[in-house]
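Chains, contacts and geometry: an overview
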Amino acid sequence: MVAGMEDITQLALTLPADQRAQVAQALLASLDDAADPAEVHGAWTAEIASRVDDITSGRVQTLSRDEVGAQLAADRSTKQQR
């Protein structure tokens, strides 16, 4: 006997929240198109090259870890004051 969608849904709703989340994640993952690893690698390679070029050409400026930390602290402080 094959369970219908409504039967499966009702059964899934009886699961604890963490297990429902796992089922939902598995179902959503099954809808994704499988990406071609070569395409993904090529896209990331191009993105990395573009970012390196932006830095070496001076189009963008990098920040030190201390500068990033200071900016994050300032942002948090501003949000807490609101």
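From a predicted model like this one, the values you see are computed outputs, not experimental measurements.

What follows concerns the overall build of the protein. When you go through the protein residue by residue, the secondary structure sums to four helices and zero strands. The order of α-helices and β-strands along the protein, N terminus first, is α-α-α-α. For the protein, the spread of C-alpha atoms along the three principal axes comes to 65 × 45 × 15 Å. For the protein, the proportion of its 82 residues judged to be buried stands at 0%. In the structure as shown, the protein presents an accessible area of about 7600 Å², 58% of it carried by carbon and sulfur atoms.

Tallied over the entire structure, the rule returns three salt bridges. Across the pair Arg51 and Glu47 runs a salt bridge, and its minimum N-O distance is 2.7 Å. Taken together, the residues Arg51 and Glu47, both in helix H3 (residues 37-57) and four residues apart, mark about one turn of the helix. Of the charged contacts, one joins Asp53 and Arg59 as a salt bridge, the two residues approaching to 2.5 Å between their closest N and O atoms. Classification of Arg59 as exposed rests on a relative accessible area of 54%. When salt bridges that share partners are traced, they join Asp53, Asp54 and Arg59 into one network.

Our focus in this paragraph is a nonpolar patch on the surface. Among the surface-exposed residues, Val40, Trp44, Ile48 and Val52 lie close enough to one another that they form a single nonpolar patch of about 390 Å² accessible area. Within the element layout of this structure, Val40 appears in helix H3. The class for Val40 is partly exposed, based on a relative accessible area of 36%.

In the predicted model, the protein carries a mean pLDDT of 92, and 98% of its residues have values of at least 70. The least confident element of the protein, judged by mean pLDDT, is helix H4 (residues 65-81) at 93; the most confident is H3 at 96.

Helix length check: H3 (21 residues) gives 30 Å between terminal C-alpha atoms against 30 Å at 1.5 Å per residue, within 8%. Of the residues one or two after H3, Gly58 is the one with positive phi, at around 85°.

Along the polypeptide, Gln81 turns up in helix H4. Measuring from C-alpha to C-alpha, the distance between Gln81 and Gln10 comes to 46 Å, with 71 residues separating the pair along the chain.

Rules of the game
Residues numbered from 1 in each chain as written. Predicted model: local features only at pLDDT ≥ 70, side-chain atom pairs only at ≥ 80, totals over all residues. Heavy atoms only, no water. Helix = DSSP H or I, 4+ residues; strand = E, 2+ residues; numbered from the N terminus. Buried < 20%, exposed > 50% of the residue type's maximum accessible area, 1.4 Å probe, protein only. Areas by Shrake-Rupley, 256 points an atom, 1.4 Å probe, with all protein chains shown as cover. Salt bridge = Lys/Arg side-chain N within 4 Å of Asp/Glu carboxyl O. Patch = residues over 30% accessible without salt bridge, like charges linked within 9 Å, V, L, I, M, F, W, Y side chains within 5 Å. pLDDT = per-residue confidence, 0-100. Expected span 1.5 Å × (residues − 1).

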